[in-house]
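One letter stands for each residue in the lines below.
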Amino acid sequence: MPRFSAPIVPTARAAALLALAAPLALVIAAVSPGAWVIAPLLGLALVLLVVVDGWLAGGLESWDLLVPADAEVGDPLELVARVRVRSRLARGMDCAFSCDPRLAPGGRAGIALAPLPDDGRAWRGEAVLEPARRGTCAVDRVWLRWTGPLGLGARTAQGPLDRAVRVRPNLSYVRSPALQTFLRDAQFGLIARRMRGEGTQFEALSEYQPGMDRRRIDWKASARHVHLYAKEYETERNNQIVFAFDCGNAMCEPVAGLPRLDRAVSAALATAYVGLRGGDRVSLFGFAARPEVATPFVGDSRAFHLLQQAAAGLEYRAEEPNFTLALATLAARLQRRSLIVLFSEFADPIGAELMIESIGRLVSRHVVLFVTLADEELETLSTARPDDLEVLSMAVGADQLLRQRALVTQRLRQIGVDVIEARYDTVSNRLIDAYLRIKRSGAIG
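Quick summary incoming for the structure in this document. Keep in mind that this is a model prediction, so the values were computed, not measured. (Residues numbered from 1 in each chain as written. Predicted model: local features only at pLDDT ≥ 70, side-chain atom pairs only at ≥ 80, totals over all residues. Heavy atoms only, no water.)

This next bit is on the overall build of the chain. The number of helices and strands found in the chain is twelve helices and 20 strands. Residue burial in the chain is summarised as follows: out of 445 residues, 45% are buried. Contacts in the chain between residues at least 24 apart in sequence constitute 74% of all its contacts with a sequence separation of at least 6. (Helix = DSSP H or I, 4+ residues; strand = E, 2+ residues; numbered from the N terminus. Buried < 20%, exposed > 50% of the residue type's maximum accessible area, 1.4 Å probe, protein only. Contact = heavy atoms within 4.5 Å.)

Moving on, we get to unusual backbone geometry. Positive phi is not limited to glycine here, since Ala256 has a value of about 55°. Inspection of the secondary structure puts Ala256 in the loop between β14 (254–255) and β15 (258–259).

This next bit is on the nonpolar core. If you look at the biggest cluster of nonpolar residues, it comprises 49 residues, and the most contacted ones within it are Phe243, Phe245 and Phe343. Elements with a contribution of two residues or more to this core: β13 (240–246), α6 (260–277), β16 (281–287), α7 (304–312), β18 (338–343), β19 (367–373), β20 (418–422) and α12 (427–441). A per-element tally of this core places α6 first, with eleven residues. Sequence-distant contacts of Phe243, that is, excluding residues within four places in its chain, are made with Ala268, Thr271, Ala272, Val282, Ser283, Leu284, Phe285, Val341, Phe343 and Leu431. In terms of nonpolar packing, the next biggest core, distinct from the first, is built from 36 residues, Val85, Val139, Val142 and Leu144 among them. (Core = buried A, V, L, I, M, F, W, Y, C linked by side-chain atoms within 4.5 Å.)

On to the packing of α6 against α12. Contact geometry for α6 and α12: axes closest at 9 Å, N-to-C directions at 35°. By crossing handedness, the relation of α6 to α12 is classed as right-handed. Together, Ser266, Ala267, Ala268, Ala270, Thr271, Val274 and Gly275 of α6 and Val427, Ser428, Leu431, Ile432, Tyr435 and Leu436 of α12 make up the contact between the two elements. Of the residues that constitute the contact of α6 with α12, the class distribution is nine nonpolar, four polar and no charged. (Axes fitted to C-alpha atoms, helices over the stretch in contact; angles between N-to-C directions. Left-handed = near helix turned anticlockwise from the far one by under 90°. Nonpolar A, V, L, I, M, F, W, Y, C, P; charged D, E, K, R; others polar.)

We now examine the layout of surface pockets. Here the second largest pocket is characterised by a volume of approximately 260 Å³. Lining the second largest pocket are 18 residues, with Ser172, Arg263, Ser266, Tyr424 and Ser428 positioned closest to its centre. Elements represented by at least two residues in the lining of the second largest pocket include exactly α3 (172–175), α6 and α12. With four residues, the top contributor of residues to the lining of the second largest pocket is α6. Among the residues making up the lining of the second largest pocket, the classes are represented as seven nonpolar, seven polar and four charged. (1 Å grid on protein atoms, 1.4 Å probe; cavity = no way out; pocket = protein on both sides within 12 Å on 5 of 7 lines; lining within 4 Å. Points joined across faces, edges and corners; volume = space filled by probe spheres on them.)

Quick look at the structure:
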């Protein structure tokens with residue numbers, strides 16, 4: 001690390017004592033005019049104490065700020081500061097650094113350091129940040145400050161810091177023990193095997209058991225064998241799944257501290273992981289005013305990191321999405337029937353009409369699953385106790401917006417679109433369940 005100069009500066013305590021010297025000088029001049037020289041001598045002594053105290057604080061010997069190279073949006077990010085000075089008499093070591101506002105509000109954070117028990121000249125401290133958005137975030141400057149034993153003189157140092165943190169989509173759900181256990185034990189487990197019972201590809205005949213779907217009974221085979229037999233089907237693999245993300249204005253609004261887009265990306269990646277383990281092929285598609293991200297289909301779980309990298313490139317756009325252009329472009333890319341999972345949010349009826357019209361063109365050839373996050377703020381406002389006219393008017397407005405949302409989701413269902421409207425903390429589970437249900441039904445193939 002570069003060596004910084006550490007000049008001596010007075011502390012707030014020294015400034016306060018110096019400010020008290022002025023009225024003291026007036027009192028001395030009034031009581032004994034001949035003793036006025038005492039006041040400047042006291043001031044000079046205070047300045048000398050500041051210099052001595054700063055000298056006792058010791059110079060900067062070495063320092064380091066450990067910044068992780070990678071982080072996930074919404075997860076804690078720990079930065080560690082290590083400082084070593086030349087004196088054991090140093091007190092009150094503080095560190096501050098400037099960074100991208102996506103890492104810390106206002107782009108600035110501080111660390112209070114404590115001396116190490118076994119080495120009085122070494123100091124250490126941690127700061128825990130929570131990245132609010134994806135992207136490459138710089139940590140570009142650092143400030144250090146410590147005082148002497150009297151707290152009158154301080155040493156300061158500052159300098160540039162060339163560090164960066166790559167904030168990626170959150171994959172905590174993918175790593176969760178519950179999902180890993182599900183993948184290991186369920187029919188889409190680690191050991192590939194034929195998945196019988198549902199689907200559309202005929203696999204074999206089996207003896208009919210009570211509780212089986214009677215529509216699967218093979219009456220001809222049953223007549224030949226004078227016994228009831230049912231058809232078994234193999235669930236299709238190698239289905240195409242496209243996760244399409246609206247990156248426009250509405251999806252940039254926060255839900256529980258994180259943008260809707262990041263909540264959607266986390267849910268999509270968790271479902272994509274399940275899909276890859278189940279033998280399907282996955283692609284990501286992002287758009288706002290125009291299509292921006294379109295990955296090729298990935299068919300191997302070992303290439304999951306490619307999807308994660310592509311998802312990290314989904315930008316937040318302060319513009320309205322163009323559903324007509326985006327979904328037409330997506331439809332032109334797909335050469336076979338696919339499952340299209342569309343994450344979006346509608347803020348006004350006109351935009352919702354255009355969205356419904358564009359989605360309607362996809363339904364004839366593809367299976368469409370529309371995912372939106374429940375607006376808890378509107379639900380809270382609509383159920384608020386009307387103690388005054390302002391609260392009442394807000395409740396009426398929120399209730400009207402919720403009715404518009406319900407109307408849009410109802411129209412989507414009427415044209416054949418599966419709709420998921422869930423809380424941010426349950427959307428991953430709901431999406432995985434819906435994907436497995438659609439896959440087992442054989443609707444994609």
